[in-house]
Amino acid sequence: MSVKEILGRFHEIAADPKAMKDKYLSEGREIVLVNYYTPEEIVHSMGAVPMGAWGADVKINEAKKYFPTFICSIVQSAVELGMKGEYAGAKAFIIPSLCDSLKVMGQNWKVAVPSIKFIPMTYPQNRKPEYGAQFTKAGYERVISELEELGLPRFSDEKLKASLSVYEEHNRVMNEVSELMASHPEISNQERSDVFKSAFFMLKEEHTALVKELINALKEQKPGTDKLKIMTSGIICDAPDILKILDENGLQIVCDDVCTETRQYRASYKEKATALDSLVSKFCDMDQDTLLYDADKTRIDYIVEKAKKTGAKGVLLLLTKFCDPEEFDAPMIRKACEKAGLSVNIIEIDRQMVNYEQARTSIETFRDLLNG
Amino acid sequence: MYTFGIDIGSTTSKCVVLKDGTEIVSSSLFVGGIGTKSPFLAREEALKKAGITDKDISGTAATGYGRNRTEDADFNVSELSCHALGAHFIFPRVRTIIDIGGQDAKVISLSGDGKMRDFLMNDKCAAGTGRFLDVMAAILQVPVNEMEGMAQKAQKISQISSTCTVFAESEVISQLANGVEMPDLIAGICDSVAGRVASLAKRITIVPEVCMSGGVARNGGVRLAMERYLGTEIRFSEQAQLFGAIGAALYAFQKS
């Protein structure tokens, strides 16, 4: 397949996750919903398909009866989709405790969508000390036990080891394709987003195979004309309108600090006595993330260094509305970037945006600023 | 060489004819923005005042929220870039611009040579915008352009504690019911707009000279309150509402 054809396939998958869910269900596979740093390797090793549930750009009506007005629209829209039957057929939803909104989401899911079992994954605040690792492991063991109770095949450390290999390879190709796409300005920001987003709706071995095809095809393709390089940061960056405005203004995302993009692929597994301990080590080693306790705020330096290294001239901070952890970091990111000579543009986004004119004005001005 | 700048905002349409990038030959302002006849009427009037026709124009730049729907513009430019150009044209030493328009507020920081070095826009909220003043003027049944004069008569500025336009509306009604004097209330409303935008401005280092642009700049009550909040003099020009259109005409000159 050509680069365009492969990117077209990624787009089909990213734009219609329900079709992928129905495909796997028709093949007799079990589906388990996952989102922020859920131990999806466990799900994979037990023969089910872990499928991302990060909400979508939909009008939120039904879910509002379970949430206060001022709360993250990612969790609200995920519950809305659940209530409207978009996830029908899924066996369970593993919801982590990484932020206040997610904690609320788990409780509400239990009542709002009783047909899909809520499995909590309680993470420790302090994940670095040994007791943090033990706490994480206990959480994973609870997830395993709840999945077994649901009728999934019994957990085996040997099978988890095999799944970790699949995920490790996926991590590797995602980092490779991310770097490669940065050197191909002809790839639109929407197409780049599709490559990352589709990973949530496919078995990782299948996604890895498609990404490898893209890598090989891209290596044969002459890079297009240079554009203005920027870095993105935030929880999500998949709104087609935002991506289109970036494309229209000649801005190319060359690297990111986005939770649903490369943040997923930064850490790898350490060699440990068991595969489950290796999986624990991956979570405990994760850093530079809004949702993970980080007293030294290493995320700030990471953004500056990454932007500098990739030649990004500015940082676009996509601030998810009502996301306190992201909002706390924003002034520090702005200051650090300014000090490093990087321009910063902050745009507030959510899953219910219908008017992008203010964002367009902001992005156009950002482009003018970067052009000097 | 004549260039033309048109700024189609949410509530007004403004036009400027510029000669050789240095002289403002004519200008016009019509109430009514996107989706009204005002952009057309403003254009006609500016050309008529300048004594020229479309054929004499070497380049046209459109700015404001209606910029992308202006078919006869050669360039579409964001209003922040235009306000930066326009403000620097009027006040060559300006380093910080506070623009309060009909539906949003923006703060622009310029370098010594007039180049934009940073900017901020408000959240998607009517508080701290011209819309807030419009809503309050409607409740009080006072024309917006008379608010400044009434605010100057205030004996004790009333406190509008809510930053939300909807909640502030009921707060103002409660204060009216409690017998708060109209001038005190209007001064409180101006103070509320200034306080909201000043907090946005403080996220950027405020470097003097500071000027205000946009329709709300014409309200002296807001300007004075802003000076109090920022602790610095705010420069004002009668052409403050035209800065976007002036900047657009300058942009067209630079590109033509």
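All figures in this text were calculated on a predicted structure; none of them were measured in a lab.

Even after reading the chapter, I still don't get the overall build of chain A, so can you show me in this structure?
From N to C terminus, chain A includes 14 helices and eight strands. By the compact-globule yardstick of 21 Å for 372 residues, chain A fits well, its C-alpha radius of gyration being 20 Å. Counting only C-alpha atoms, chain A reaches 60 × 50 × 40 Å along its principal axes. By residue count, 59% of the 372 residues in chain A fall in the buried class. Once local pairs closer than 6 in sequence are excluded, the contacts in chain A between residues at least 24 apart make up 73%. Put simply, chain A shows about 15000 Å² of open surface, and 51% of that area lies on carbon and sulfur atoms.

Can you help me understand the overall build of chain B in this one?
A tally of regular secondary structure across chain B gives eight helices and 10 strands. The C-alpha radius of gyration of chain B comes to 18 Å, within 12% of the 18 Å expected for a compact globule of 256 residues. In terms of overall dimensions, chain B has a C-alpha envelope of 60 × 40 × 30 Å along the principal axes. Classification of the 256 residues of chain B by burial places 56% in the buried group. Sequence-distant contacts, at least 24 apart, represent 64% of the contacts inside chain B between residues at least 6 apart. Accessible surface computed for chain B: about 10900 Å², of which carbon and sulfur atoms make up 49%.

Would you explain the interface of chain A and chain B in this entry?
Accessible area lost upon the coming together of the parts is a frequently used measure of interface size. Of the residues lining the interface, 17 residues belong to chain A; the matching set on chain B comes to 20 residues. Summed over both partners, the interface of chain A with chain B comes to about 1700 Å²; 47% of that surface belongs to carbon and sulfur atoms. There are two salt bridges connecting chain A and chain B. Residues Arg334 of chain A and Asp118 of chain B are paired through a salt bridge, measuring 2.9 Å at the closest nitrogen-oxygen approach. Between the two partners, chain A and chain B, sit six residue pairs in polar contact (both at pLDDT 80 or more). Counting residues per element, the ones that place at least two in the side of chain A that touches chain B are helix 13 (324-339), strand 8 (343-349) and helix 14 (357-370) of chain A. Taken together, the residues of the side of chain A that touches chain B break down into four nonpolar, six polar and seven charged.

Please clarify how unusual backbone geometry should be interpreted in this entry.
Excluding glycine, most residues fall at negative phi; most peptide bonds, likewise, are trans. Here the bond from Pro208 of chain B into Glu209 of chain B is cis, since omega is -5 degrees, no more than 30 degrees from zero. Inspection of the secondary structure assignment puts Glu209 of chain B in the loop between helix 6 (182-201) and strand 9 (210-213). The backbone of Gln288 of chain A shows a phi angle near 50 degrees, a positive value even though the residue is not glycine. By the secondary structure assignment, Gln288 of chain A is in the loop between helix 11 (275-285) and helix 12 (298-310). Residue Lys297 of chain A is not a glycine yet carries a positive backbone phi of 50 degrees. Relative to the assigned elements, Lys297 of chain A resides in the loop between helix 11 and helix 12. Among the residues examined, Lys297 of chain A registers a relative accessible area of 29% and is labelled partly exposed.

Looking at this structure, I do not really get the packing of helix 1 (residues 3-15) of chain A against helix 9 (residues 204-219) of chain A. What am I missing?
Any two packed helices are characterised by how steeply their axes cross, that is the angle between the axes, and by the distance between the axes. Residues and elements named next belong to chain A. Between helix 1 and helix 9, the least distance of the axes is 9 Å, while the angle of their chain directions is 150 degrees. Looking at the two axes, helix 1 sits roughly antiparallel to helix 9. Both helix 1 and helix 9 take part in a crossing whose hand is left-handed. Residues Val3, Ile6, Leu7, Arg9, Phe10 and Ile13 of helix 1 pack against His207, Leu210, Val211, Glu213, Leu214, Ala217 and Leu218 of helix 9. Grouping the amino acids of the contact of helix 1 with helix 9 by side-chain chemistry returns 10 nonpolar, one polar and two charged.

I would appreciate a short explanation of empty space enclosed by the protein in the present structure.
To find the voids left in a structure, one rolls a probe of water-molecule size over its atoms. All names here are of chain A. Taken as a whole, this structure holds three cavities of 30 Å³ or more when the rule is applied. In this structure, the largest cavity encloses a volume near 220 Å³. In terms of lining residues, the largest cavity is bounded by 18 residues, among which Tyr37, Thr38, Glu41, Gln264 and Lys282 are the most central. Those elements that provide at least two residues to the lining of the largest cavity are helix 3 (40-45), helix 7 (157-182) and helix 11. Considering only residue class, the lining of the largest cavity consists of 10 nonpolar, four polar and four charged. Quantified by volume, the second largest cavity comes out at close to 80 Å³. Split by residue class, the lining of the second largest cavity holds eight nonpolar, no polar and four charged.

Even after reading the chapter, I still don't get the domain arrangement of chain A, so can you show me in this structure?
Residue and element names in this part refer to chain A. As far as domains go, chain A holds domain 1 (28-156) and domain 2 (227-260 + 294-372). The C-alpha-based centres of domain 1 and domain 2 are spaced at 28 Å. Every contact between the two is made by 16 residues of domain 1 and, on the other side, 12 residues of domain 2. On the surface where domain 1 and domain 2 come into contact, there are one salt bridge. Between Asp57 and Arg351 there is a salt bridge, with its nearest N and O atoms 3.4 Å apart. If you look at where domain 1 meets domain 2, you find four residue pairs in polar contact (both at pLDDT 80 or more). Residues that form the side of domain 1 that touches domain 2 fall into these classes: 10 nonpolar, four polar and two charged.

Help me understand the sheet that holds strand 3 (residues 23-31) of chain B, please; the structure alone is not making it clear to me.
All names here are of chain B. What the five strands build is an open sheet, ordered 3-2-1-4-5; its pairing is mixed. Looking along the sheet, the strands with just one partner apiece sit at the ends: strand 3 and strand 5 (75-76). One ladder, built from eight bridges, connects strand 2 (residues 12-19) with strand 3; its direction is antiparallel. Bridged to Val16 within strand 3 is Ser27. Running at roughly 150 degrees to strand 3, helix 1 (residues 38-50) makes contact with strand 1 (2-8), strand 2, strand 3 and strand 4 (57-63) of the sheet.

Quick question: what am I supposed to make of the sheet that holds strand 7 (residues 314-320) of chain A here?
Residue and element names in this part refer to chain A. Across the sheet, which stays open at both edges, the four strands sit in the order 6-5-7-8 with parallel pairing between neighbours. On the outer flanks of this sheet lie strand 6 (251-258) and strand 8, each paired with one strand and no other. Shown here is a sheet whose adjacent strand axes are inclined to one another by a mean of 25 degrees, direction ignored. In this structure, strand 7 lies alongside strand 8, joined through seven bridges in parallel fashion. Note that in strand 8 the partner of Leu316 across the bridge is Asn345.

The rules behind the values
- Residues numbered from 1 in each chain as written.
- Chains lettered and ligands numbered in written order.
- Predicted model: local features only at pLDDT ≥ 70, side-chain atom pairs only at ≥ 80, totals over all residues.
- Heavy atoms only, no water.
- Helix = DSSP H or I, 4+ residues; strand = E, 2+ residues; numbered from the N terminus.
- Rg over C-alpha atoms; globule rule 2.2 N^0.38 Å.
- Buried < 20%, exposed > 50% of the residue type's maximum accessible area, 1.4 Å probe, protein only.
- Contact = heavy atoms within 4.5 Å.
- Areas by Shrake-Rupley, 256 points an atom, 1.4 Å probe, with all protein chains shown as cover.
- Buried area = accessible area lost by both parts, 1.4 Å probe.
- Salt bridge = Lys/Arg side-chain N within 4 Å of Asp/Glu carboxyl O.
- Polar contact = N/O pair within 3.5 Å; in protein donor to acceptor, adjacent residues only side chain to side chain.
- Nonpolar A, V, L, I, M, F, W, Y, C, P; charged D, E, K, R; others polar.
- Axes fitted to C-alpha atoms, helices over the stretch in contact; angles between N-to-C directions.
- Parallel < 35°, antiparallel > 145°, perpendicular 65-115°, else oblique.
- Left-handed = near helix turned anticlockwise from the far one by under 90°.
- 1 Å grid on protein atoms, 1.4 Å probe; cavity = no way out; pocket = protein on both sides within 12 Å on 5 of 7 lines; lining within 4 Å.
- Points joined across faces, edges and corners; volume = space filled by probe spheres on them.
- Domains from an automatic or database assignment.
- Pairing = 2+ DSSP bridges.

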